[in-house]
Each structure stands twice: as C-alpha cells, then as structure tokens.
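Structure assessment
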Amino acid sequence: MPYRYHKHYTREEARALLPEIRLWLKRIATLRETLEKYEQRVTALMADRNDVGGETVNSLVRTLADIREVFCEFQKRDIQIKDLERGLIDFPAIIGGKEVFLCWEQDEDDIEFWHELDAGFAGREPL
C-alpha cells in the first residue's frame with residue numbers, strides 16, 4: 001500500500017525541528033494580529049466610502065504574503081498544522097511499518113505522542 005506522505009520523520013528528526021516550528025508559530029501569530037489590524041482599517045475606510053488603495057492595502061497584501069511564506073515552510077516539509085490556535089502539529093512517521101502521525105502541541109516540551117492518520121488528537125497514544 002502506498003503511503004500518503006512523501007516525508008516521514010523519526011522522533012529525533014521531528015524533535016530537532018521544534019525550535020524552528022515554535023518560531024514559525026510565533027511569526028504566524030504576530031502576522032495574524034497585524035493582518036487583523038489592516039483588515040479593520042480597510043473595513044473602516046470602505047464603510048466611509050474612501051479609496052482603499054494605497055499603503056494600507058499594500059501592507060495587508062504584504063502581510064498575507066508573509067503568512068503564506070511561513071505556511072509554505074510547513075507544507076514543503078509535509079508537516080501538518082492541525083490547530084493553529086493551539087499550535088497542534090502532526091509529523092508523518094512510520095511506526096511498526098504503519099504510517100501514522102507524531103503529534104505535538106506547542107505547550108509540550110517534547111514529542112511524546114502519536115496517533116493514526118485519521119484518529120486525530122483524541123486518538124493520541126504515548127510513544
């Protein structure tokens with residue numbers, strides 16, 4: 001049976017990426033706050049029937065591009081973001097010859113759990 005994912009992580013490989021992933025999650029959170037501010041400005045300008053072009057829209061578009069760039073860091077590594085608010089991340093892995101996810105949440109110190117591909121957080125098992 002072919003695997004769903006091209007890249008599979010050992011626990012050590014996934015663990016080594018955690019410092020970088022923590023930075024990416026912080027960057028996304030910061031960019032999302034910035035994006036919300038620009039969206040509020042654009043909405044206010046539109047409500048007053050003002051021209052919404054210019055620096056505000058340019059900044060909003062740049063912020064969207066920056067967010068996309070960070071998401072691409074996850075995508076190109078086959079790392080799954082399952083819940084952005086919680087920082088819930090899944091790494092494709094092979095355990096006992098079976099394709100599964102190593103599961104990590106940003107407030108956890110280490111990767112301690114795994115689950116079946118379709119089980120989700122509720123199906124987490126200790127490694």
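Here, every reference points to the structure presented above.
Position numbers for residues start from 1 in each chain and track the written sequence from start to end. It should be noted that, the model being predicted, local features are given only for residues of pLDDT at least 70 and side-chain atom pairs only at 80 or more, the latter also being counted only at that level, while totals for whole chains, interfaces and linings use all residues. As a rule here, side-chain values come from all non-hydrogen atoms in the structure, and water together with hydrogens is ignored.

Paired strands, as defined in this entry, are two strands with at least two bridges between them according to DSSP. Each helix corresponds to a stretch of at least 4 residues labelled H or I by DSSP, and each strand to a stretch of at least 2 residues labelled E; elements are numbered beginning at the N terminus. Overall, antiparallel pairing links the five strands, which are arranged E1-E2-E3-E4-E5 in an open sheet. Edge positions in the sheet fall to strand E1 (80–83) and strand E5 (125–126), since each of these pairs with one other strand and no more. When strand E3 (residues 98–105) meets strand E4 (residues 113–116), the two strands line up antiparallel, connected through four bridges. In the strand pairing of E4, Cys-103 is matched with Phe-113.

Attention now goes to unusual backbone geometry. The phi torsion at Asp-78 lies on the positive side, around 65 degrees, for a residue other than glycine. By the element assignment, Asp-78 lies in the loop between helix H2 (55–75) and E1.

Here the focus is H2. Take the residue count of a helix, subtract one, and multiply by 1.5 Å to get its expected span. With 21 residues, H2 extends 30 Å from end C-alpha to end C-alpha; this agrees with the ideal 30 Å at 1.5 Å per step. Only protein chains enter the area calculation, which uses a 1.4 Å probe; residues under 20% of their type maximum are buried, those over 50% are exposed, and those in between are partly exposed. Looking at H2, one finds that the buried residues are Thr-56, Ser-59, Leu-60, Thr-63, Ile-67, Val-70, Glu-73 and Phe-74. One side of H2 carries all its buried residues, which in axial view fall inside an arc of 130 degrees. H2 presents Arg-68, Glu-69 and Gln-75 as exposed residues on the side facing more than 90 degrees away from its buried surface. Where H2 is buried, its residues contact helix H1 (11–47), E1 and strand E2 (88–95). Throughout, the arc means that of the directions going from the helix axis to the C-beta atoms. Residue contacts are defined here by distance: any two heavy atoms, one from each residue, within 4.5 Å place the two residues in contact.

On to the pairing of E1. The pairing of E1 with E2 spans three bridges and is antiparallel. In the sheet register, Ile-81 faces E2, and the bridge partner there is Ile-89. Linking E1 to E2, which pair antiparallel, is a turn of four residues; within it Gly-87 sits at a positive phi near 65 degrees.

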